[in-house]
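# Observations on chain architecture
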Amino acid sequence: NTPCNSALITVGGPAQRISTVGCDASQDDAVPFSGTHDNSAWASFVAPASGCIDINFDFESGVITFRSEDDDVEMSLYKADSCISTPFEEIAYNDDYSDDRDPRITIDAASSTKLQGGETYYIVVDGYQGDEVTGLLVVSDPCPV
């Protein structure tokens, strides 16, 4: 999976199934990542006019699968001029999975960073230290227009 063949997710639309099973990170070496690229799956979306976004890797659906209970998910949000351009700029990162909340990235009205409405942004979901994960990626707009 690469940024150019990533799943395009509609903001406010249905959840998209994302899996890192069988993915590798060999194509991701030029992309900065707060974690380590092990088995990255890519998705993309067009930012809403509000510039706000909520990205949630949904554990409550029952779709998420881990090989062990120690498995973990890392997510990053990027902007780039195109899917083949470098450098990719990491806007936000999350590696805070715990049993009581889903991994999530939120840019809302209180955030100092805003997205540019109408621009395409890229999400990478990666299993922490090689963990293979499958779940539903939900992208929504948390700001009223």
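Computed from a predicted model, the values in this text were never measured in an experiment.

Conventions adopted
Residues numbered from 1 in each chain as written. Predicted model: local features only at pLDDT ≥ 70, side-chain atom pairs only at ≥ 80, totals over all residues. Heavy atoms only, no water. Pairing = 2+ DSSP bridges. Helix = DSSP H or I, 4+ residues; strand = E, 2+ residues; numbered from the N terminus. Disulfide = S-S within 2.5 Å. Buried < 20%, exposed > 50% of the residue type's maximum accessible area, 1.4 Å probe, protein only. Salt bridge = Lys/Arg side-chain N within 4 Å of Asp/Glu carboxyl O. Contact = heavy atoms within 4.5 Å. Polar contact = N/O pair within 3.5 Å; in protein donor to acceptor, adjacent residues only side chain to side chain.

So, on to the sheet that holds strand 5 (residues 73-79). Here we have five strands laid out as an open sheet, ordered 1-3-8-5-6, and mixed in their pairing. Among the strands making up the open sheet, the edge pair consists of strand 1 (7-8) and strand 6 (89-94). Here strand 5 pairs with strand 8 (residues 120-127) via seven bridges, running antiparallel. Bridge pairing in strand 8 links Tyr78 to Tyr122.

Summed over all chains, the structure comprises two disulfides. Here Cys4 pairs with Cys83 through a disulfide, and the sulfurs are 2.0 Å apart. One quick way to see it: the torsion about the S-S bond of Cys4 and Cys83 is about 95°, and its sign makes the bridge right-handed. Here Cys83 lies in the loop between strand 5 and strand 6 and Cys4 lies in the segment before strand 1, a separation of 79 residues in the sequence. By relative accessible area, which is 25% here, Cys83 ends up partly exposed. The residue that forms a disulfide with Cys52 is Cys143, at a sulfur-sulfur distance of 2.0 Å. Residues Cys52 and Cys143 are joined by a disulfide whose S-S torsion is about -85°; by sign, that bridge is left-handed.

Following the criterion strictly, the structure yields two salt bridges and no others. With its nearest N and O atoms 2.9 Å apart, the salt bridge here joins Arg104 to Asp54. Of this pair, Arg104 sits in strand 7 (residues 104-107) while Asp54 sits in strand 4 (residues 53-58), placing them 50 residues apart in sequence. Notably, a salt bridge pairs Glu89 with Lys79, separated by 3.7 Å at the nearest N-O pair. A residue pair is termed long-range when its members are at least 10 positions apart, and Glu89 in strand 6 and Lys79 in strand 5 qualify at ten residues.

This brings us to the environment of Thr106. Relative to the helices and strands, Thr106 resides in strand 7. Residue Thr106 is classed as partly exposed on the basis of its relative accessible area of 36%. The sequence separation of Thr106 and Tyr93 amounts to 13 residues, and the corresponding C-alpha distance is 9.9 Å. If near-sequence neighbours (up to four positions away) are discounted, Thr106 is found in contact with Ile53, Asp54, Ser111 and Pro142. One polar contact links Thr106 to Asp54, side chain to side chain, over a distance of 2.4 Å.

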